[in-house]
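Residue-level structure breakdown
The chain contents come next:
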Amino acid sequence: MSQRDVIIACDFSSIDTTLSFLDKFTDCKPFVKIGMELYYAAGPAIVWELKSRGHKVFLDLKLHDIPNTVKKAMKVLSALNVDMCNLHAAGTIEMMKAAVEGLTRPDGSRPVLLAVTQLTSTSEERMQRDLLINASINDTIVHYAKNAKEAGLDGVVCSPLEAGMVKEACGKEFVTVTPGVRFADGVVGDQVRVTTPARAREIGTDYIVVGRPITEADDPVAAYKRCVAEFVGE
Ligand code: C5P
């Protein structure tokens, strides 16, 4: 399962902007992440288009609802032929098991399914005060990751700094996908806990999700290739 790769976060608001950005990549087909903004604006057509152009697609919709609803929604995403999708582990093990069921095709294949443990925007203080979770944020992350594994999921989305402890708790085959990546000489922006592609590789994460350091670069293709060189080592 584990295969290091760089996923470009295509945080654009329309199909046209996304496709003209990806048109710059003439000699490679990067793995791309589509988030809520683009998917809600463009609908399934954006997935069909990207798949027909040969891209792998991570559909980042973070589902969280009753098990039956999530199961049916996952069945739709599976038919779209996405390569990777996700949900909130807070929906419970029962919801995650239903998601796996919905996602699994008649031939037994299915997209990679990841759980979001705690969003990186949630601080320990807010988690304890707003959500009344009386534990440390790291214990919560590891507990949710173990729940995801028990439910049959493939891995979690987490900060690069959490990937080590998730691997330790769930095994090295349990996939970690980590945003919050910046070049050592780059702009950090609104991300707080960041690391470089090279450091993410040392930590042992499987995929890094990189948005603005690539999408806002003067030469996005060169920035993408630099990420691949530092993280994958090619
Ligand atoms: O531009 P940047 O590299 O910060 O983009 C990171 C991407 O990863 C964005 O699409 C963001 O929504 C997503 N993400 C994140 N932190 C999380 C989960 C997702 O930055 N905890």
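Structure's up top.
Rules and cut-offs
- Residues numbered from 1 in each chain as written.
- Predicted model: local features only at pLDDT ≥ 70, side-chain atom pairs only at ≥ 80, totals over all residues.
- Heavy atoms only, no water.
- Pairing = 2+ DSSP bridges.
- Helix = DSSP H or I, 4+ residues; strand = E, 2+ residues; numbered from the N terminus.
- Axes fitted to C-alpha atoms, helices over the stretch in contact; angles between N-to-C directions.
- Contact = heavy atoms within 4.5 Å.
- Salt bridge = Lys/Arg side-chain N within 4 Å of Asp/Glu carboxyl O.
- Buried < 20%, exposed > 50% of the residue type's maximum accessible area, 1.4 Å probe, protein only.
- Near = heavy atom within 4 Å.
- Polar contact = N/O pair within 3.5 Å; in protein donor to acceptor, adjacent residues only side chain to side chain.
- Areas by Shrake-Rupley, 256 points an atom, 1.4 Å probe, with all protein chains shown as cover.
- Nonpolar A, V, L, I, M, F, W, Y, C, P; charged D, E, K, R; others polar.

Okay, the sheet that holds strand 2 (residues 31–34) next. Read around the closed barrel, the eight strands follow the order 1-2-3-4-5-6-7-8; overall the barrel is parallel. Neighbour-to-neighbour, the strand axes of this sheet turn through a mean angle of 25 degrees, independent of strand direction. Sheet topology note: the strand 1 (residues 5–9)/strand 8 (residues 207–210) ladder contains four bridges and is parallel. Looking at strand 8, one finds that D5 is bridged to Y207. Seen against the sheet, helix 5 (residues 92–103) touches strand 3 (57–63), strand 4 (84–88) and strand 5 (112–116) and runs at an angle of roughly 155 degrees to strand 4.

Any two side chains of opposite charge can pair, on the condition that their charged atoms come close. If you walk through the whole model with that rule in mind, you get 16 salt bridges. Measuring nitrogen to oxygen at the nearest pair gives 3.0 Å for the salt bridge that ties D60 to K62. On the basis of relative accessibility, which here comes to 9%, the residue D60 falls in the buried class. The partly exposed category is assigned to K62, whose relative accessible area is 24%. With a shortest N-O distance of 3.2 Å, R129 and D130 are connected by a salt bridge. Taken together, the shared-partner salt bridges connect E125, R126, R129 and D130 into one network.

Our focus in this paragraph is the site of the ligand. The full set of residues close to the ligand is A9, D11, K33, T120, P179, R182, Q191, V209, V210, G211, R212 and P213. One nitrogen or oxygen atom from the side chain of T120 is found 2.6 Å from a nitrogen atom belonging to the ligand. The separation between an oxygen atom of the ligand and a polar side-chain atom of R212 is 2.7 Å. Protein contacts shield 82% of the accessible area of the ligand, which totals 460 Å² for the unbound molecule. Looking at the shell around the ligand, the elements with two or more residues in it are strand 8 and helix 10 (212–215). Of the residues assigned to the shell around the ligand, the class counts are five nonpolar, three polar and four charged.

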